[in-house]
Every structure is written in structure tokens, then in C-alpha cells.
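Chain by chain, the residues run as shown.
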Amino acid sequence: MHPAPSVILFSVLSGLGFGMLAWLGIGKPPVTGMSAFIFFFVAYALSVGGLLSATFHLGNPKNSLKAFSQWQTSWLSREGCCAIAALTVMGIYAAGAIFLETHWMFLGAIGSILSIGTVFTTSMIYAQLKTVPRWNHWTTPLLFVALSTFGGALMTGQVIVAMYGFVAVGLIQLVAWLTSDNRFTERGSTLETATGLGSIGKVRMFEPPHTGTNYLLKEMVYVIGRKHAIKLRVIAMLLMVFIPVLMIGMGAKHDIKAVIAVLSHLVGVFASRWLFFAEAEHVVGLYYGKRG
Amino acid sequence: MTALPPISGVKLGLVIDLDTCVGCHACVISCKGWNTENYGAPLSDQDAYGENPSGTFLNRVHSYEVQPEQGAAQTIHFPKSCLHCEDAPCVTVCPTGASYKRAEDGIVLVNEDACIGCGLCAWACPYGARELDKAAGVMKKCTLCVDRIYNENLPEEDREPACVRTCPSGARHFGDLGDANSDVSKLVQERGGIDLMPELGTKPVNKYLPPRPKDTGNEIDILAPLLAPIATETSGFLGWLDRTLEKI
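K.L.:
How do you make sense of the overall build of chain A when you look at a structure like this?
P.N.:
Looking only at helices and strands, chain A has eleven helices and one strand in total. For chain A, the α and β elements follow one another from N to C terminus as α-α-α-α-α-α-α-α-β-α-α-α. In terms of overall dimensions, chain A is globule-like: its C-alpha atoms have a radius of gyration of 21 Å, near the 19 Å expected for 292 residues. Oriented by its inertia axes, the alpha-carbon framework of chain A measures out at about 75 × 45 × 30 Å. Here chain A holds 292 residues, and the buried ones make up 55% of them. Restricting to contacts in chain A with at least 6 residues of sequence separation, those with at least 24 account for 76%. About 12500 Å² of surface is accessible on chain A, with carbon and sulfur atoms providing 75% of the total.

Structure representation (C-alpha cells):
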């Protein structure tokens, strides 16, 4: 799949922002006044900024409001509804913390659930697609939610939670990579099933339908990224998990080590998310002889 | 609404005969022509006369080579457009309700006035039947020529999809696959029509007729034994002529 920068930027930043909101909603840390303003400002900048960057991916954004209507069937619509609900509830909660120096516990708890729910709905947009076997698995929502939760923990200063959480993230990421490498083959879609000609014999592409490229090839038959996949996986794992865990282990707290932990984690998640798209194979590639 | 409607009795669709298709791409061109001038945003081209032309098409013809275990390889031309699936994943993923399946005849359409161009329906489709038009920014797909098949301003023989109307080899058939007695249903029955990627559970309405069995290439012709000389000794008039001509 084409690793669109706007979508990668959106899912990483908003994931981190909603993760922060989830922790702030349960009063961790129990900030009020000016320091609450700073925490909420960062969380909103990340989540709203991410959402806005996602609209650059749209071909026809003027109809965006209609995207809140189909929550009964569409994960993308659910994501929109959930995001607005989370931002609204947390906005009221934040106003209480900043201006009235009070924490409305019940409201905050609902906001936390909605924030994590938003990340879950984002992940299900990908996980629901049978056409992309690599994504169509329980590890996709687990990884997205874990990254958001523990990235948020790091951002809100819950360093010990973040440290153990990142170890879990590393394991989930490893399972996600290792189980997904053969899934396309395991699901059994081949050029033979795609054309129905397998009963005659082995099928190969003789002539593509067009000499140039097209939307399908650009969007769903992206093949460049896999060349450096192994190296990138190692880099992603080091930056996303190892260095932050090391920094926290060395006692990072409001110092340069904490800054290194945050930046390293962020860059690592970007690398992981880029691979998430670039490595994913869509079954339509079969028709173009580009799979297996 | 992006919820799928209850399964309708009428299932309009295409039956494509892979035995008959000659790969001329006339259906591709007639489709592009009709759908650029009629329903919805035109099918745009980018850099049409330049070095890297690309554009939006609702129907494309692939060509494959199939190698049986024995005998010669076969070249099979393979037209592909929306299969108007009964369980259409492209419909349920749409966040705006722009993508929908008609309850009355099962045609899958896009309401371009509600489409945000997110492209998720194209991701959900296994068959590459949907293309986002670069100029209009909205999703385009086969409409089964919904503006022809019910169009009373057209002569009756033209009230079928443009691709079917134009096919010079009669490889494309249009009809109601929900009616077991329709011509298309009988054709599917007789020729063992198949679904594409049945393992994904989309239940396509369109069916493909596999090529009929070919000869194995071991015999030149079934008439070959009859071509062997039947008389080594000539007699009668031809015998006399043969002998006489030998002597000259």
C-alpha cells in the first residue's frame, strides 16, 4: 500500500495525542491551572493536528461533514464520531482542570475511554480489510492501542508505566511482524483464484491492461519499500522501544534523557507506521502479476 | 446508506465469456466514452499526450497465459470491471453513505455529491474495480450503465451496458442473474460460470465463463487418419493414365 505521508503523520500524531488525553482524563498527572493548560495544549495539538493532516488525504474534502453519518457500518465514520466525542468531553474536562482547578472524575473517565476508543477505531479501518491480509489481524488494533497508550504515558510523565509498556509494545510489534510475513500466502488468494483459471493450469500475466500506471498501481501496488524492510524494522525497534526504555531505566525525568526518549520513540513509531503501509500487500496486485 | 440492502430478487450483472473474448479492448473504449459523457464526473486523463499518460477507466482488459500440465499454453483475455457483489465490502466501509447498493436491482453505485474521496472503498475492493478520479477527486466505478439500461429515450437494442452493446465477439452478456430462467443464468449453468476470488466472501453477481476445453496438441486433426493413401496399386482408367504417363 502507498505510504501516504499525510496518513502516517495523522495516525502517529493523533495516536500519541489521544494517548495523552486518556492519561490526563484519569488524573495522571493530576495537573491544574497553567501546567494543565500546557499538557492539554500539547495533547490537543497532536490529536487535532493529526486529524487535520488526514483531511489532506481526501480527494473531495468539502463533503467531510457527511462522514459522521455512517457509524453503524463504517469504521472510518466511527473514528470521526469517536474523535469528536473524545475531544468534546476532554475539552470540558480540561476547562474544569485549567480554570476551576477541579477534576470531574466521571467525565474524565468517559473522555479516557473515548480517546482510546478513537485509536481503536482508527486501527480497525485497516484491520477490517480482508483485501490486505497483513493488516487483517488482531495484532493491528492491539499494536495501535498499545502504542498510543504507552506513548501517551511517556508524554504525561508516567515513565515507569511507559517503560514496561514499551517492552510490551516491542513484543506485540515483533509478533505482528513475524505472523504477518506469510499471511498473504496463508490466506490462499493467488492469480489462479483471482482469475478462476486455476482449473486449467498455472496462470501468469501475459500483457497488462495498460502500458502506463494508474490509480490502482500507485495506491495499492506499492513495492519500493520492501527492499530495506529488515533494516527498517531493526531501526524502528531500536528507536521506538530500546532507546526509550534505556533512557527511562537511566532515570529520565524532566531532563535531556526524557527528551531523547520522546523524540526517539516518535521517530521509531514513524518508521514502524511507514513499514505498516509500505509492506502491506493488496490482493489486487495479483491481477497485475505483482504478488508472489 | 452504506448498510447493505436486503438481498434483492433482481440481480443485474454481466456474464463474461473468456472463451470468446478476443482482447480487442473495444469494451474499454466504449465504457470510457459513455461514462465520460454521461453519469457523474467525466473520466479524466492526466498527461494524455505526454510521456506518462494515465487516466480513469471503469473497465480494463488484462491478458494472461495459462499453462496446462499437458499441451500448449493458452492466451486468455480477461476483461475486469465491478462485479456488483452481493456482499460488497466497498459499500459498508464508506463513511458518508456515498457508496451504496441499490435494493431494487443490486447495482453498486457512488453518489458523487456525498463522496469525500477518501479511497477506502477502493482499498476494500479485491478486484481493483474502483478508481479515484484525479481531476474530480471522487470515486468512479462501473454503473452497469444505469443511465442506458432504463433509458426509454434510447432504442430498445441500446438499453444494455455500453461494453455489452459494443463487444464485436459477443463475449459479454447482460441480464438478471437473480432469475434462474434468464438467458444469462442459463448460460452460467451450462458453462459452469465462476466467481473471482470466492475465498474473500464477496459473492460477486458477475460471472466468468471459463474457456471451453482445448485439444491437447498431440493430434494434428481428428481427420488425419483419413488422409493416409488408401490404394497403393492403381487400376482402371487412372491406372492406365498413370502407366502411360510414366512411359513418356
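Back to the text.
K.L.:
Which parts of the structure should I look at to understand the interface of chain A and chain B?
P.N.:
Taken together, the contact pairs 60 residues of chain A with 58 residues of chain B. Where chain A abuts chain B, roughly 4500 Å² becomes buried across the two surfaces, and 61% of that area is made up of carbon and sulfur atoms. Three residues stand out in chain A for area buried against chain B, namely Ile200(A), Tyr215(A) and Tyr287(A), and they jointly supply 15% of the buried area on that side. The tally of links between chain A and chain B comes to one salt bridge. When the shortest N-O distance is used, the salt bridge between Arg204(A) and Glu65(B) registers 2.9 Å. Linking chain A with chain B are 21 residue pairs in polar contact (both at pLDDT 80 or more), by the criterion used here. Looking at the side of chain A that touches chain B element by element, the count peaks at six residues for strand S1 (residues 202-207) of chain A. Its residues assigned to classes, the side of chain A that touches chain B shows 28 nonpolar, 24 polar and eight charged.

K.L.:
How do you make sense of unusual backbone geometry when you look at a structure like this?
P.N.:
Note: most peptide bonds trans; most residues except glycine with negative phi. Geometrically, the link from Lys28(A) to Pro29(A) is a cis peptide bond, its omega value of -5° lying close to zero. When you line up the elements, Pro29(A) lands in the loop between helix H1 (5-25) and helix H2 (33-55). Positive phi values are uncommon outside glycine, yet Lys203(B) reaches one of about 50°. In this structure Lys203(B) comes out as partly exposed when scored by relative accessible area, which is 44%.

K.L.:
Can you help me understand the pattern of salt bridges in this one?
P.N.:
Opposite charge on two side chains makes pairing possible when the charged atoms of those side chains draw close. Counting across every chain of the model gives 18 salt bridges over all chains. Asp19(B) is the partner of Arg212(B) in a salt bridge, and the nearest nitrogen-oxygen pair spans 2.7 Å. Of this pair, Arg212(B) sits in the loop between strand S11 (207-209) and helix H7 (236-247) while Asp19(B) sits in the loop between strand S1 (12-17) and helix H1 (26-37), and the two are 193 residues apart along the sequence. Through salt bridges with shared partners, a single ionic network connects Arg134(A), Asp181(A), Arg233(A), Glu279(A) and Glu281(A).

K.L.:
Would you take a moment to explain the layout of surface pockets for this structure?
P.N.:
A volume near 600 Å³ is recorded for the largest pocket. As for the largest pocket, its lining consists of 26 residues, of which Ala54(A), Thr55(A), Leu58(A), Leu76(A) and Glu79(A) are closest to the centre. Broken down by secondary-structure element, the contributors of at least two residues to the lining of the largest pocket are H1, H2, helix H3 (75-99) and helix H4 (105-127) of chain A together with helix H3 (120-124) of chain B. Ranked by residue count, the leading element in the lining of the largest pocket is H3(A), at six residues.

K.L.:
How should I be thinking about the sheet that holds strand S10 (residues 172-176) of chain B in this particular structure?
P.N.:
Within a sheet, neighbouring strands are paired by backbone hydrogen bonds and run either parallel or antiparallel to one another. All names here are of chain B. With mixed pairing, three strands are arranged side by side in an open sheet as S10-S1-S11. A single partner strand is all that each edge strand has here, and the edge strands are S10 and S11. In this sheet, adjacent strand axes meet at a mean angle of 25° when their direction is disregarded. In this structure, S1 lies alongside S10, joined through five bridges in antiparallel fashion. Of the residues in S10, the one forming a bridge with leucine 12 is aspartate 176.

How each quantity is defined
Residues numbered from 1 in each chain as written. Chains lettered and ligands numbered in written order. Predicted model: local features only at pLDDT ≥ 70, side-chain atom pairs only at ≥ 80, totals over all residues. Heavy atoms only, no water. Helix = DSSP H or I, 4+ residues; strand = E, 2+ residues; numbered from the N terminus. Rg over C-alpha atoms; globule rule 2.2 N^0.38 Å. Buried < 20%, exposed > 50% of the residue type's maximum accessible area, 1.4 Å probe, protein only. Contact = heavy atoms within 4.5 Å. Areas by Shrake-Rupley, 256 points an atom, 1.4 Å probe, with all protein chains shown as cover. Buried area = accessible area lost by both parts, 1.4 Å probe. Salt bridge = Lys/Arg side-chain N within 4 Å of Asp/Glu carboxyl O. Polar contact = N/O pair within 3.5 Å; in protein donor to acceptor, adjacent residues only side chain to side chain. Nonpolar A, V, L, I, M, F, W, Y, C, P; charged D, E, K, R; others polar. 1 Å grid on protein atoms, 1.4 Å probe; cavity = no way out; pocket = protein on both sides within 12 Å on 5 of 7 lines; lining within 4 Å. Points joined across faces, edges and corners; volume = space filled by probe spheres on them. Pairing = 2+ DSSP bridges. Axes fitted to C-alpha atoms, helices over the stretch in contact; angles between N-to-C directions.

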